[in-house]
Amino acid sequence: MNGSTVRLLSLPCANEHLESVREREQARREEQQRTALTDMGTQTLQNTGPWMERTRWPITYQGIRRDVLLGLAELPVVHDGVDLTIGQSEHDSNITSPAGDEQKIWHLTQAVQAVLDRCEETMRRTGRPLLCWLITTRPSPCFPKPFKFLAREQTRRSYRRWLKGFLAFVLRAWRMESGKRSTLAGLRLSRKQSTRLRSIWDHRLWDHHIGPDLWSGLAVDQQRRSSDRRATDSQRGSEVDGKTNDNGETDEEATDEQDETDLDEEQDVGSEAADTSGEDDDALQSDSSTDSSLREPVLSDKPREIYAAAAELLELLFELCITFMTEEFTDGQPSSSTLVFYSGVLALQGTVETFRTAKLFTPILSQLIYISSDYCSWSTLCPTRRTHT
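Residues numbered from 1 in each chain as written. Predicted model: local features only at pLDDT ≥ 70, side-chain atom pairs only at ≥ 80, totals over all residues. Heavy atoms only, no water.

Asks: Where do I start with the pairing of strand 2 (residues 94–97) in this structure?
Replies: Successive residues of a regular strand alternate their side chains across the two faces of the sheet. Every second residue of strand 2 is oriented toward a common face, the buried set being Ile-95 and Ser-97 and the non-buried set Asn-94 and Thr-96. Of the strand pairs in this sheet, strand 1 (residues 84–88) and strand 2 are connected by 4 bridges, and their pairing is antiparallel. In the sheet register, Thr-85 faces strand 2, and the bridge partner there is Thr-96. (Buried < 20%, exposed > 50% of the residue type's maximum accessible area, 1.4 Å probe, protein only. Helix = DSSP H or I, 4+ residues; strand = E, 2+ residues; numbered from the N terminus. Pairing = 2+ DSSP bridges.)

Put into C-alpha coordinates, the structure is as follows:
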(Lines give C-alpha, C1' and ligand atoms only; values in the text may rest on other atoms or scores of the structure.)
Protein backbone atom coordinates (compact mmCIF):
# COMPACT_ATOMS: atom_id res chain seq x y z
CA MET A 1 0.00 0.00 0.00
CA ASN A 2 2.73 2.47 0.94
CA GLY A 3 4.98 1.39 -1.95
CA SER A 4 7.21 -0.92 0.02
CA THR A 5 5.83 -4.01 -1.67
CA VAL A 6 7.55 -5.04 -4.92
CA ARG A 7 5.24 -6.56 -7.44
CA LEU A 8 6.18 -8.47 -10.55
CA LEU A 9 4.41 -7.03 -13.57
CA SER A 10 3.61 -9.28 -16.49
CA LEU A 11 3.53 -7.19 -19.72
CA PRO A 12 3.08 -9.41 -22.76
CA CYS A 13 3.46 -6.41 -25.08
CA ALA A 14 6.83 -5.28 -23.65
CA ASN A 15 8.88 -7.16 -26.27
CA GLU A 16 6.72 -5.82 -29.06
CA HIS A 17 7.11 -2.30 -27.76
CA LEU A 18 10.90 -2.68 -27.55
CA GLU A 19 11.00 -4.05 -31.09
CA SER A 20 8.96 -1.12 -32.39
CA VAL A 21 11.41 1.28 -30.72
CA ARG A 22 14.31 -0.43 -32.49
CA GLU A 23 12.52 -0.22 -35.85
CA ARG A 24 11.79 3.47 -35.42
CA GLU A 25 15.39 4.15 -34.49
CA GLN A 26 16.62 2.23 -37.54
CA ALA A 27 14.24 4.15 -39.78
CA ARG A 28 15.42 7.44 -38.27
CA ARG A 29 19.04 6.60 -38.97
CA GLU A 30 18.31 5.58 -42.56
CA GLU A 31 16.38 8.77 -43.14
CA GLN A 32 19.22 10.77 -41.65
CA GLN A 33 21.66 9.03 -43.99
CA ARG A 34 19.47 9.72 -47.04
CA THR A 35 19.21 13.34 -46.03
CA ALA A 36 22.97 13.58 -45.67
CA LEU A 37 23.41 12.23 -49.21
CA THR A 38 21.13 14.85 -50.72
CA ASP A 39 21.59 17.87 -48.43
CA MET A 40 24.44 20.07 -49.65
CA GLY A 41 24.88 21.66 -46.22
CA THR A 42 24.71 25.22 -47.50
CA GLN A 43 25.05 26.57 -43.95
CA THR A 44 28.27 24.73 -43.14
CA LEU A 45 31.59 26.51 -43.17
CA GLN A 46 33.02 24.28 -45.91
CA ASN A 47 30.23 25.18 -48.34
CA THR A 48 30.35 28.93 -47.88
CA GLY A 49 32.61 31.58 -49.32
CA PRO A 50 33.39 33.04 -52.76
CA TRP A 51 34.48 29.69 -54.21
CA MET A 52 31.11 28.05 -53.54
CA GLU A 53 29.26 31.14 -54.72
CA ARG A 54 31.22 31.07 -57.96
CA THR A 55 30.76 27.38 -58.72
CA ARG A 56 27.16 27.19 -57.40
CA TRP A 57 27.65 23.51 -56.61
CA PRO A 58 25.42 23.49 -53.50
CA ILE A 59 22.58 24.80 -55.65
CA THR A 60 23.27 22.59 -58.67
CA TYR A 61 23.32 19.32 -56.72
CA GLN A 62 20.68 20.16 -54.12
CA GLY A 63 18.32 17.19 -53.64
CA ILE A 64 20.40 14.83 -55.82
CA ARG A 65 21.80 11.56 -54.53
CA ARG A 66 25.54 12.09 -54.49
CA ASP A 67 26.27 8.39 -54.03
CA VAL A 68 24.46 7.81 -57.33
CA LEU A 69 26.56 10.50 -59.02
CA LEU A 70 29.80 8.91 -57.84
CA GLY A 71 28.58 5.46 -58.86
CA LEU A 72 27.79 6.69 -62.37
CA ALA A 73 31.27 8.21 -62.74
CA GLU A 74 33.16 5.12 -61.56
CA LEU A 75 35.59 3.67 -64.10
CA PRO A 76 34.54 0.23 -65.38
CA VAL A 77 36.53 -2.91 -64.70
CA VAL A 78 37.51 -5.26 -67.50
CA HIS A 79 35.28 -8.31 -67.91
CA ASP A 80 34.61 -9.10 -64.26
CA GLY A 81 31.08 -10.39 -65.04
CA VAL A 82 29.53 -8.73 -61.97
CA ASP A 83 26.75 -6.15 -61.83
CA LEU A 84 27.84 -2.74 -60.62
CA THR A 85 25.87 -1.22 -57.74
CA ILE A 86 25.52 2.47 -58.51
CA GLY A 87 23.50 3.54 -55.46
CA GLN A 88 20.11 3.32 -53.82
CA SER A 89 16.78 4.72 -54.88
CA GLU A 90 14.20 6.39 -52.67
CA HIS A 91 12.68 3.03 -51.76
CA ASP A 92 16.03 1.57 -50.61
CA SER A 93 16.30 -0.61 -53.72
CA ASN A 94 19.75 -0.87 -55.29
CA ILE A 95 20.37 0.76 -58.65
CA THR A 96 22.63 -1.55 -60.62
CA SER A 97 24.30 -1.57 -63.99
CA PRO A 98 24.15 -5.07 -65.55
CA ALA A 99 27.38 -6.93 -66.26
CA GLY A 100 26.64 -6.89 -70.00
CA ASP A 101 26.35 -3.11 -69.96
CA GLU A 102 29.56 -2.80 -67.99
CA GLN A 103 31.39 -4.91 -70.56
CA LYS A 104 30.22 -2.60 -73.36
CA ILE A 105 31.13 0.49 -71.36
CA TRP A 106 34.62 -0.89 -70.72
CA HIS A 107 35.16 -1.47 -74.44
CA LEU A 108 34.00 2.06 -75.22
CA THR A 109 36.35 3.58 -72.65
CA GLN A 110 39.19 1.68 -74.28
CA ALA A 111 38.04 2.91 -77.68
CA VAL A 112 38.37 6.49 -76.42
CA GLN A 113 42.08 5.76 -76.01
CA ALA A 114 42.34 4.92 -79.72
CA VAL A 115 40.42 8.05 -80.70
CA LEU A 116 42.69 10.26 -78.60
CA ASP A 117 45.76 8.64 -80.14
CA ARG A 118 44.42 9.54 -83.57
CA CYS A 119 43.76 13.12 -82.45
CA GLU A 120 47.27 13.46 -81.09
CA GLU A 121 48.82 12.00 -84.23
CA THR A 122 47.00 14.57 -86.38
CA MET A 123 48.07 17.46 -84.16
CA ARG A 124 51.71 16.34 -84.13
CA ARG A 125 51.75 16.74 -87.91
CA THR A 126 50.28 20.22 -87.69
CA GLY A 127 52.44 23.30 -88.17
CA ARG A 128 53.44 25.57 -85.32
CA PRO A 129 51.24 28.57 -86.38
CA LEU A 130 48.08 26.48 -86.23
CA LEU A 131 49.07 24.99 -82.88
CA CYS A 132 49.50 28.53 -81.55
CA TRP A 133 46.06 29.51 -82.77
CA LEU A 134 44.46 26.45 -81.19
CA ILE A 135 45.11 27.74 -77.66
CA THR A 136 44.46 31.40 -78.45
CA THR A 137 41.42 32.71 -76.58
CA ARG A 138 41.18 36.04 -78.43
CA PRO A 139 40.67 36.86 -82.11
CA SER A 140 43.99 38.70 -82.18
CA PRO A 141 46.89 38.47 -81.58
CA CYS A 142 47.97 34.85 -81.78
CA PHE A 143 49.30 33.17 -78.64
CA PRO A 144 53.12 33.05 -78.90
CA LYS A 145 53.50 29.46 -77.68
CA PRO A 146 52.07 26.38 -79.41
CA PHE A 147 49.90 23.64 -78.00
CA LYS A 148 52.11 21.30 -75.96
CA PHE A 149 51.86 17.54 -75.89
CA LEU A 150 52.18 15.32 -72.85
CA ALA A 151 55.62 13.75 -72.72
CA ARG A 152 55.17 11.03 -70.08
CA GLU A 153 52.92 8.03 -70.61
CA GLN A 154 51.85 8.06 -66.95
CA THR A 155 50.72 11.68 -67.27
CA ARG A 156 48.84 10.85 -70.45
CA ARG A 157 46.93 8.06 -68.69
CA SER A 158 46.19 10.34 -65.74
CA TYR A 159 44.71 12.99 -68.00
CA ARG A 160 42.67 10.59 -70.11
CA ARG A 161 41.00 8.82 -67.20
CA TRP A 162 38.71 11.82 -66.66
CA LEU A 163 37.35 11.53 -70.19
CA LYS A 164 36.86 7.80 -69.71
CA GLY A 165 34.95 8.51 -66.51
CA PHE A 166 32.79 11.05 -68.32
CA LEU A 167 31.88 8.54 -71.02
CA ALA A 168 30.99 5.92 -68.38
CA PHE A 169 28.97 8.54 -66.51
CA VAL A 170 26.93 9.43 -69.60
CA LEU A 171 26.35 5.84 -70.73
CA ARG A 172 25.19 4.60 -67.32
CA ALA A 173 22.91 7.60 -66.88
CA TRP A 174 21.45 7.06 -70.35
CA ARG A 175 20.73 3.40 -69.56
CA MET A 176 18.68 4.42 -66.51
CA GLU A 177 14.96 5.09 -66.74
CA SER A 178 14.29 8.70 -67.70
CA GLY A 179 12.38 9.32 -64.47
CA LYS A 180 15.13 7.95 -62.24
CA ARG A 181 17.79 9.70 -64.29
CA SER A 182 16.13 13.06 -63.74
CA THR A 183 15.20 12.51 -60.07
CA LEU A 184 18.26 10.70 -58.70
CA ALA A 185 21.01 12.05 -60.96
CA GLY A 186 19.52 15.38 -62.00
CA LEU A 187 20.66 14.77 -65.57
CA ARG A 188 18.74 15.48 -68.77
CA LEU A 189 19.92 14.40 -72.19
CA SER A 190 18.87 16.04 -75.43
CA ARG A 191 17.35 14.14 -78.33
CA LYS A 192 20.52 14.55 -80.38
CA GLN A 193 22.65 13.14 -77.58
CA SER A 194 20.30 10.21 -77.05
CA THR A 195 20.31 9.43 -80.77
CA ARG A 196 24.10 9.31 -80.90
CA LEU A 197 24.22 7.14 -77.78
CA ARG A 198 21.71 4.76 -79.32
CA SER A 199 23.72 4.46 -82.56
CA ILE A 200 26.79 3.48 -80.54
CA TRP A 201 25.00 1.12 -78.18
CA ASP A 202 23.25 -0.77 -81.01
CA HIS A 203 26.26 -0.80 -83.32
CA ARG A 204 26.96 -3.88 -85.40
CA LEU A 205 30.33 -4.41 -83.69
CA TRP A 206 28.57 -5.86 -80.65
CA ASP A 207 27.17 -8.67 -82.81
CA HIS A 208 30.67 -10.15 -82.97
CA HIS A 209 32.65 -11.81 -80.22
CA ILE A 210 35.38 -9.33 -79.33
CA GLY A 211 38.11 -9.74 -76.75
CA PRO A 212 39.92 -7.26 -74.51
CA ASP A 213 42.84 -7.04 -76.98
CA LEU A 214 40.73 -5.61 -79.80
CA TRP A 215 41.69 -1.97 -79.35
CA SER A 216 45.39 -2.61 -78.79
CA GLY A 217 45.44 -4.67 -81.97
CA LEU A 218 43.58 -1.90 -83.76
CA ALA A 219 46.20 0.64 -82.69
CA VAL A 220 49.03 -1.58 -83.99
CA ASP A 221 47.22 -2.11 -87.28
CA GLN A 222 46.60 1.61 -87.72
CA GLN A 223 50.27 2.40 -87.08
CA ARG A 224 51.28 -0.15 -89.68
CA ARG A 225 48.82 1.23 -92.23
CA SER A 226 50.02 4.75 -91.51
CA SER A 227 53.64 3.79 -92.10
CA ASP A 228 52.63 2.05 -95.34
CA ARG A 229 50.88 5.21 -96.52
CA ARG A 230 53.96 7.29 -95.71
CA ALA A 231 56.14 4.87 -97.66
CA THR A 232 53.78 5.05 -100.62
CA ASP A 233 53.77 8.83 -100.55
CA SER A 234 57.56 8.98 -100.44
CA GLN A 235 57.76 6.55 -103.36
CA ARG A 236 55.37 8.69 -105.38
CA GLY A 237 57.44 11.75 -104.52
CA SER A 238 60.59 10.08 -105.81
CA GLU A 239 58.80 9.18 -109.03
CA VAL A 240 57.76 12.79 -109.51
CA ASP A 241 61.37 13.94 -108.98
CA GLY A 242 62.43 11.66 -111.82
CA LYS A 243 60.39 13.41 -114.51
CA THR A 244 61.90 13.51 -118.00
CA ASN A 245 63.79 16.59 -119.15
CA ASP A 246 63.69 18.29 -122.53
CA ASN A 247 66.07 15.74 -124.12
CA GLY A 248 63.75 12.89 -123.23
CA GLU A 249 66.02 11.74 -120.39
CA THR A 250 65.26 11.91 -116.70
CA ASP A 251 67.45 14.00 -114.45
CA GLU A 252 68.56 10.91 -112.62
CA GLU A 253 69.47 9.15 -115.88
CA ALA A 254 71.51 12.13 -117.05
CA THR A 255 73.45 12.10 -113.82
CA ASP A 256 73.90 8.35 -113.83
CA GLU A 257 75.36 8.30 -117.32
CA GLN A 258 78.21 10.51 -116.18
CA ASP A 259 79.13 8.11 -113.41
CA GLU A 260 78.53 4.77 -115.17
CA THR A 261 82.13 4.45 -116.35
CA ASP A 262 83.50 5.03 -112.85
CA LEU A 263 81.03 2.71 -111.20
CA ASP A 264 81.42 -0.28 -113.55
CA GLU A 265 84.82 -1.24 -112.19
CA GLU A 266 83.70 -0.88 -108.58
CA GLN A 267 80.62 -3.00 -109.23
CA ASP A 268 82.67 -5.76 -110.83
CA VAL A 269 85.07 -5.84 -107.90
CA GLY A 270 82.33 -5.88 -105.27
CA SER A 271 79.92 -8.25 -107.03
CA GLU A 272 81.35 -11.38 -105.42
CA ALA A 273 81.29 -9.88 -101.94
CA ALA A 274 77.74 -8.63 -102.50
CA ASP A 275 76.55 -12.07 -103.53
CA THR A 276 78.06 -13.62 -100.41
CA SER A 277 76.70 -11.03 -98.02
CA GLY A 278 73.32 -10.95 -99.77
CA GLU A 279 72.54 -14.49 -98.72
CA ASP A 280 73.31 -13.69 -95.08
CA ASP A 281 71.20 -10.52 -95.21
CA ASP A 282 68.26 -12.43 -96.69
CA ALA A 283 68.49 -15.01 -93.91
CA LEU A 284 68.64 -12.33 -91.21
CA GLN A 285 65.75 -10.44 -92.76
CA SER A 286 63.67 -13.60 -92.93
CA ASP A 287 64.37 -14.38 -89.26
CA SER A 288 63.57 -10.82 -88.15
CA SER A 289 60.31 -10.74 -90.09
CA THR A 290 59.28 -14.06 -88.56
CA ASP A 291 60.07 -12.80 -85.05
CA SER A 292 58.18 -9.53 -85.59
CA SER A 293 55.13 -11.37 -86.91
CA LEU A 294 55.09 -13.47 -83.76
CA ARG A 295 55.56 -10.48 -81.43
CA GLU A 296 53.05 -7.97 -82.80
CA PRO A 297 49.30 -8.62 -82.70
CA VAL A 298 47.79 -7.79 -86.07
CA LEU A 299 44.13 -6.91 -86.34
CA SER A 300 44.04 -7.96 -89.98
CA ASP A 301 44.23 -11.58 -88.76
CA LYS A 302 40.70 -11.09 -87.43
CA PRO A 303 37.67 -11.14 -89.69
CA ARG A 304 37.54 -8.14 -91.96
CA GLU A 305 34.09 -7.05 -90.80
CA ILE A 306 35.29 -6.66 -87.20
CA TYR A 307 37.96 -4.20 -88.27
CA ALA A 308 35.51 -2.22 -90.41
CA ALA A 309 32.97 -2.13 -87.58
CA ALA A 310 35.59 -1.04 -85.04
CA ALA A 311 36.79 1.79 -87.31
CA GLU A 312 33.22 2.94 -87.83
CA LEU A 313 32.55 2.85 -84.09
CA LEU A 314 35.56 5.09 -83.45
CA GLU A 315 34.10 7.71 -85.78
CA LEU A 316 30.73 7.56 -83.99
CA LEU A 317 32.43 7.80 -80.60
CA PHE A 318 34.38 10.85 -81.71
CA GLU A 319 31.19 12.54 -82.91
CA LEU A 320 29.51 11.74 -79.59
CA CYS A 321 32.29 13.38 -77.58
CA ILE A 322 32.25 16.45 -79.81
CA THR A 323 28.48 16.70 -79.31
CA PHE A 324 28.87 16.89 -75.53
CA MET A 325 31.90 19.20 -75.66
CA THR A 326 30.17 21.72 -77.91
CA GLU A 327 26.86 21.64 -76.02
CA GLU A 328 25.43 25.14 -75.55
CA PHE A 329 24.31 26.41 -72.16
CA THR A 330 20.61 26.74 -71.40
CA ASP A 331 19.62 30.19 -70.13
CA GLY A 332 23.29 30.98 -69.62
CA GLN A 333 23.69 28.34 -66.89
CA PRO A 334 26.96 26.36 -67.21
CA SER A 335 25.52 23.49 -65.13
CA SER A 336 23.06 22.78 -67.96
CA SER A 337 26.01 21.34 -69.92
CA THR A 338 26.56 17.64 -69.23
CA LEU A 339 30.33 18.04 -69.23
CA VAL A 340 30.22 20.93 -66.73
CA PHE A 341 27.77 18.95 -64.61
CA TYR A 342 30.21 16.02 -64.60
CA SER A 343 33.12 18.26 -63.60
CA GLY A 344 31.22 19.18 -60.44
CA VAL A 345 30.86 15.48 -59.60
CA LEU A 346 34.65 15.23 -59.63
CA ALA A 347 34.70 17.94 -56.94
CA LEU A 348 32.94 15.69 -54.39
CA GLN A 349 35.33 14.33 -51.78
CA GLY A 350 35.43 12.25 -48.63
CA THR A 351 31.95 11.27 -47.46
CA VAL A 352 30.50 13.32 -50.38
CA GLU A 353 29.28 15.94 -47.89
CA THR A 354 31.74 18.61 -49.00
CA PHE A 355 33.44 19.77 -52.21
CA ARG A 356 37.07 20.20 -53.04
CA THR A 357 38.66 23.55 -52.53
CA ALA A 358 39.91 25.59 -55.48
CA LYS A 359 43.47 24.41 -54.81
CA LEU A 360 42.46 20.74 -54.98
CA PHE A 361 39.97 21.00 -57.83
CA THR A 362 41.90 23.19 -60.28
CA PRO A 363 44.39 20.43 -61.31
CA ILE A 364 41.49 18.10 -62.14
CA LEU A 365 39.70 20.80 -64.11
CA SER A 366 42.84 21.70 -66.07
CA GLN A 367 43.35 18.08 -67.10
CA LEU A 368 39.76 17.79 -68.28
CA ILE A 369 40.09 21.03 -70.25
CA TYR A 370 43.31 19.80 -71.87
CA ILE A 371 41.69 16.59 -73.09
CA SER A 372 38.64 18.49 -74.32
CA SER A 373 40.82 20.94 -76.26
CA ASP A 374 42.64 17.96 -77.78
CA TYR A 375 39.33 16.67 -79.13
CA CYS A 376 38.02 20.03 -80.32
CA SER A 377 41.34 20.93 -81.94
CA TRP A 378 41.31 17.70 -83.93
CA SER A 379 37.77 18.42 -85.13
CA THR A 380 38.92 21.90 -86.19
CA LEU A 381 41.90 20.56 -88.11
CA CYS A 382 39.92 17.72 -89.70
CA PRO A 383 36.34 18.95 -90.11
CA THR A 384 35.47 16.29 -92.64
CA ARG A 385 34.94 12.70 -91.65
CA ARG A 386 37.94 10.52 -92.43
CA THR A 387 37.71 6.88 -93.36
CA HIS A 388 40.36 4.37 -92.32
CA THR A 389 40.29 1.20 -94.36
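Following the structure, the description resumes.
Asks: Got a minute to help me understand the packing of helix 7 (residues 153–175) against helix 9 (residues 191–201) in this structure?
Replies: What describes two packed helices is the angle between their axes and the distance between those same axes. In contact at an axis separation of 11 Å, helix 7 and helix 9 are set at 95° when each is read in the N-to-C sense. Comparing the axis directions of helix 7 and helix 9 gives the class roughly perpendicular. Together, Val-170, Leu-171, Trp-174 and Arg-175 of helix 7 and Ser-194, Leu-197, Arg-198 and Trp-201 of helix 9 make up the contact between the two elements. (Axes fitted to C-alpha atoms, helices over the stretch in contact; angles between N-to-C directions. Parallel < 35°, antiparallel > 145°, perpendicular 65-115°, else oblique. Contact = heavy atoms within 4.5 Å.)

Asks: Mind showing me how you'd approach helix 9 here?
Replies: Spacing of three or four residues puts side chains on the same side of an α-helix, whose turn is 3.6 residues. Residues of helix 9 that are buried include every one of Gln-193, Leu-197, Ile-200 and Trp-201, and no others. What you see down the axis of helix 9 is that its buried residues fit within an arc of 95°, all on one side. When the buried face of helix 9 is taken as reference, the exposed residues oriented beyond 90 degrees from it are Arg-191 and Lys-192. If you follow the buried residues of helix 9, they end up packed against helix 5 (99–124), helix 7, helix 12 (304–325) and helix 13 (338–345). (Arc of directions from axis to C-beta.)

Asks: Looking at this structure, I do not really get the pattern of salt bridges. What am I missing?
Replies: Once their charged atoms are close, side chains differing in charge can pair, the charge on each being opposite to the other. Inspection of the entire model under this criterion finds 13 salt bridges. Asp-101 is paired through a salt bridge with Arg-175; the nearest N and O atoms lie 3.1 Å apart. Of this pair, Asp-101 sits in helix 5 while Arg-175 sits in helix 7, and the two are 74 residues apart along the sequence. Asp-202 is paired through a salt bridge with Arg-198; the nearest N and O atoms lie 3.3 Å apart. Here the salt bridges share partners, and the residues they tie into one network are Asp-117, Glu-120, Arg-124, Glu-153, Arg-156 and Arg-160. (Salt bridge = Lys/Arg side-chain N within 4 Å of Asp/Glu carboxyl O.)

Asks: Looking at this structure, I do not really get the environment of Asp-207. What am I missing?
Replies: By the secondary structure assignment, Asp-207 is in the loop between helix 9 and helix 10 (214–241). The exposed category is assigned to Asp-207, whose relative accessible area is 66%. Expressed as a C-alpha distance, the spacing of Asp-207 and Ile-306, which sit 99 residues apart in the sequence, is 9.4 Å.

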